[in-house]
Amino acid sequence: EALVAAIMMVKQDPQGAADFINSVFGDPIAAVASGLRHAIVAEPGHTFCTGDFAGIEMRDVLGLAGQHDKCELLAEIGSGIYLDMAEKIYNRAPGEWSGSAERIAHAKKAHVAEYTIGKNTILGSGFGMGWRTYHTKYCPDQPEEFAQKCITDYRVDFAPKVPLVWYGLEEAALKAVRDKWHATAYGCTYEYCGDWLACHLPDGQTMWYRKPEFEANVPMRWNPADRRDTWWFWTYKNGQWQRVQAYGGLLTNNVVQKRARGYLVEAMYRLEAEGFPLVLTVHDECMSE
């Protein structure tokens, strides 16, 4: 509400409003963009109902990998799973913070920093983030060894089946591009179609990668000394075509996002059928009026 009031001040004092917004909310353009929800108003006599999927990316990558123990843990303790991750990172006894609803509620308040690290580790590591990126993004004030431990604990202890998805999809896609044929991993079939590489998902959806190109013995961007066969594709981003190097984490991200889109569309049909007319969707959220 304070942001909206400040924005409306622009009519009387443009520079003063901009300076005030910058001092309180940060960059004015970003602040206005973040406040656009307030511009959406329900009709008189109506109200907005919203709902989204809880941790859909995290859940789907674990489900795709067959990491069912963690899927069951999510169903049991919900966001307490971030504390389960934190217990491993900080060498605490299993269940010390996540063992019950009471402990979870207490730990969320008493160990905010640890909870946040556990959350960032689970949400950030599912698509192959390396420890250097993790260190820069989530814990720059910690030694590099801490970031290395976070990534290792996720990959080796918390969800060891998830990295197998990265490797499996990467190998199948590379084989399809290199051999100009098709290959399957984790229910996803990559099919070379000349100017396009198709990725057929089990639910019937298909993704398309433009102008796939195979290249041998390429240095990896995260480690130039690590040279592998790879493939490239073109994507439209920020108003221009860009050439992108494919790798397992990116392909896993694409599959998970596409599957999530399928879940969302099915949910939209269910909501409409139950008398909730949709007026807006944002990411994994639906809004009905």
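The structure contained in this document is the topic of the report that follows. The structure presented is a predicted model; accordingly, all values stated were derived computationally and were not measured.

Parameters and conventions
Residues numbered from 1 in each chain as written. Predicted model: local features only at pLDDT ≥ 70, side-chain atom pairs only at ≥ 80, totals over all residues. Heavy atoms only, no water. Helix = DSSP H or I, 4+ residues; strand = E, 2+ residues; numbered from the N terminus. Expected span 1.5 Å × (residues − 1). Buried < 20%, exposed > 50% of the residue type's maximum accessible area, 1.4 Å probe, protein only. Pairing = 2+ DSSP bridges. Axes fitted to C-alpha atoms, helices over the stretch in contact; angles between N-to-C directions. Contact = heavy atoms within 4.5 Å. Left-handed = near helix turned anticlockwise from the far one by under 90°. Nonpolar A, V, L, I, M, F, W, Y, C, P; charged D, E, K, R; others polar. Parallel < 35°, antiparallel > 145°, perpendicular 65-115°, else oblique.

A separate point is helix H11 (residues 162–179). Under the 1.5 Å per step criterion, the end-to-end length of H11 is 26 Å for 18 residues, consistent within 8% with the ideal 26 Å. Among the residues making up H11, those that are buried are Val162, Pro163, Val165, Trp166, Gly168, Leu169, Ala172, Ala173, Leu174, Ala176 and Val177. Lys180 sits one or two residues past H11 and shows a positive phi near 50 degrees.

With that settled, consider the sheet that holds strand E4 (residues 196–200). Strands in a sheet are paired, the pairing made by backbone hydrogen bonds, and the direction either parallel or antiparallel. Strand order in the open sheet formed by six strands is E2-E3-E4-E5-E6-E7, and the pairing between neighbours is antiparallel. The open sheet has two edge strands, strand E2 (182–185) and strand E7 (240–245), and neither has a second partner. When strand polarity is set aside, the average angle formed by the axes of neighbouring strands in this sheet is 30 degrees. Pairing between strand E6 (residues 223–237) and E7: six bridges, direction antiparallel. Looking across to E7, one finds that Phe233 is bridged to Val244. This element, H11, spans E2, strand E3 (188–192), E4, strand E5 (206–220) and E6 of the sheet and lies at about 175 degrees to E2. This element, helix H12 (residues 248–273), spans E3, E4, E5, E6 and E7 of the sheet and lies at about 165 degrees to E5.

Here the focus is the packing of helix H9 (residues 131–138) against helix H10 (residues 144–158). For the pair H9 and H10, the least separation of the axes is 8 Å and the interaxial angle reads 115 degrees. The hand of the H9/H10 crossing is right-handed. For the pair formed by H9 and H10, the contact residues are Trp131, Tyr134 and His135 on the first element and Glu144, Ala147, Gln148, Cys150 and Ile151 on the second. A per-class count over the contact of H9 with H10 returns five nonpolar, two polar and one charged.

To continue, consider the packing of helix H4 (residues 56–65) against H12. Helix-helix packing: each pair is described by the crossing angle between the helix axes and the interaxial distance. Taken N-terminus to C-terminus, the directions of H4 and H12 make an angle of 110 degrees; their axes are 10 Å apart at the nearest point. By the angle class used here, H4 and H12 are roughly perpendicular. Judged by the sense of rotation from one axis to the other, the crossing of H4 with H12 is right-handed. Contacts from Ile56, Glu57, Asp60, Val61 and Leu64 of H4 reach H12 at Thr252, Val255, Val256, Gln257, Arg259, Ala260 and Tyr263. Of the residues contributing to the contact of H4 with H12, the split by class is seven nonpolar, two polar and three charged.

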